[in-house]
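# Secondary and tertiary structure notes
Each chain, letter by letter, is given below.
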Amino acid sequence: MKCPIDGATLVISDRSGVEIDYCPECRGVWLDRGELDKIIERSAVAASPPPAPRDTRGGHDDYRPKKKRESFLSELFDF
C-alpha cells in the first residue's frame, strides 16, 4: 500500500494486537476502520492505578519532582 502523502510504501506494524500502517518517510500513521477504537479501548484497560495516598505530615522531605505524563500512544509507537 502507498502513503497518500508522499507515495512511499507503508510499513505494517503490529502493536498490542492492532495492525498499524505507517510511512517511514513522512512518519504518517494510518489506521483501518475500528483500529482507533481498539487502541482507545486497550489504553483505558492499561491505565495506571490511582496514586498512593499522600503523607500528611506537612514536611518537605518527601518532595519528588513531577514526571511528564506520557501519551498512551507512546506505548504503541517506538519508531
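In the block above lies the structure referred to throughout.
Residues numbered from 1 in each chain as written. Predicted model: local features only at pLDDT ≥ 70, side-chain atom pairs only at ≥ 80, totals over all residues. Heavy atoms only, no water.

Counting buried residues in strand S2 (residues 18–22) gives four out of five residues, a clear majority hidden from the surface. Sheet topology note: the strand S1 (residues 11–15)/S2 ladder contains five bridges and is antiparallel. Paired with Ser13 across the bridge in S2 is Ile20. As consecutive antiparallel partners, S1 and S2 are separated by two residues, and within that stretch Ser16 has a phi angle of approximately 55 degrees, a positive value. Relative to strand S3 (residues 29–30), S2 runs antiparallel, the two being bridged by two bridges. (Buried < 20%, exposed > 50% of the residue type's maximum accessible area, 1.4 Å probe, protein only. Helix = DSSP H or I, 4+ residues; strand = E, 2+ residues; numbered from the N terminus. Pairing = 2+ DSSP bridges.)

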